[in-house]
Amino acid sequence: MNFCSQCGSARIETRIPEGDSLPRFVCAECATIHYQNPKVVVGCLPEWDGQVLLCRRAIEPRLGLWTLPAGFLENGETVTAGAARETLEEAGARVEVGDLYTLISLPQIHQVYMMFRARLLDTGFAAGPESLEVALFDEADIPWETLAFRTITRTLRNYFLDRKHGALPLRISSLERRPPLPPDLRGAG
Ligand SMILES: [Zn+2]
């Protein structure tokens, strides 16, 4: 942070405010404490007749790879409304949002993913400006090697396993950055 968004001062200090336990950006001019907290990503796992709807990304990051429709929650928006909005924007798909299915913490990139099961209301979907194409997939045709994000891979893997067992309980987990490989293993994959 270079400037205080409250007063415009460049005098930003990093310190632990009184009564707090973590270092924060604090403006030395107006004393505003600039808290930084994780962003929430909301999305859907749209289902239709045993198939799931995926979008191929037309934007970076991970351009050209497949994902479930998801994006950042907006201020003033409920999580289910956000999930439905992202699905409409990215896939042109109208859904009835159902139960929360995966809740994934990504502490190193300061995000929390909330993926909801959703019932596709019709097959009149179409790629929005952020997608190259949108399609329904059977489990056997899921493009596992070209999925965009680990959160999406985990959500889909859990989903198809759970579906075989006939129950889809809420799955709470976290994804942490992989530790770097020791030098003698670099290049080994
Ligand atoms: Zn200030």
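This structure is a prediction, so every number in the text was calculated from the model and none was measured. (Residues numbered from 1 in each chain as written. Predicted model: local features only at pLDDT ≥ 70, side-chain atom pairs only at ≥ 80, totals over all residues. Heavy atoms only, no water.)

> Before we move on, can you summarise the overall build of the protein with the specific residues and values?
Scanning the protein from terminus to terminus reveals 2 helices and 11 strands. The order of helices and strands in the protein, counted from the N terminus, is β-β-β-β-β-β-β-α-β-β-β-α-β. Each of the three principal axes of the protein carries a C-alpha extent, and together these read 60 × 50 × 30 Å. Within the span of the protein, comprising 189 residues, buried residues form 36% of the whole. (Helix = DSSP H or I, 4+ residues; strand = E, 2+ residues; numbered from the N terminus. Buried < 20%, exposed > 50% of the residue type's maximum accessible area, 1.4 Å probe, protein only.)

> Now, about the layout of surface pockets: what can you tell me, with residues and values included?
In this structure, the largest pocket occupies an estimated 670 Å³ of space. In this structure, the largest pocket is lined by 29 residues; those nearest its centre are R62, I109, Q111, Y113 and F149. Among the elements of the structure, β7 (70-72), α1 (79-91), β9 (111-120) and α2 (150-164) are those that each provide at least two residues to the lining of the largest pocket. The element that contributes the greatest number of residues to the lining of the largest pocket is β7, accounting for 3 residues. Broken down by class, the residue content of the lining of the largest pocket amounts to 14 nonpolar, 5 polar and 10 charged. Its volume calculated, the second largest pocket comes out at about 160 Å³. Together, Q36, N37, P38, K39, S105, L106, P107, H110, Q111 and V112 line the second largest pocket. Where the lining of the second largest pocket is concerned, the elements lending two or more residues are β8 (95-106) and β9. Residues of the lining of the second largest pocket, tallied by class, amount to 4 nonpolar, 5 polar and 1 charged. (1 Å grid on protein atoms, 1.4 Å probe; cavity = no way out; pocket = protein on both sides within 12 Å on 5 of 7 lines; lining within 4 Å. Points joined across faces, edges and corners; volume = space filled by probe spheres on them. Nonpolar A, V, L, I, M, F, W, Y, C, P; charged D, E, K, R; others polar.)

> I'd love a proper account of the pattern of salt bridges, names of residues and values included.
Within this structure, the stated rule accounts for 12 salt bridges. R15 is the partner of E13 in a salt bridge, and the nearest nitrogen-oxygen pair spans 3.4 Å. A network of salt bridges, in which partner residues are shared, links E77, R85, E86 and E89. (Salt bridge = Lys/Arg side-chain N within 4 Å of Asp/Glu carboxyl O.)

> Any chance you could break down the nonpolar core for me, citing the residues and the numbers?
Among the nonpolar cores identified, the biggest contains 22 residues, and V52, L54, L68, Y113, I142, I152 and L156 are the most heavily contacted of them. Per element, the largest residue contribution to this core is 4 residues, and it comes from α2. With near-sequence residues (within four places) excluded, L68 lies in contact with C44, L45, P46, L53, L54, E90, M115, I152, T155 and L156. Within the second largest apolar cluster, 13 residues are counted, among which are C44, L53, A118 and V134. (Core = buried A, V, L, I, M, F, W, Y, C linked by side-chain atoms within 4.5 Å. Contact = heavy atoms within 4.5 Å.)

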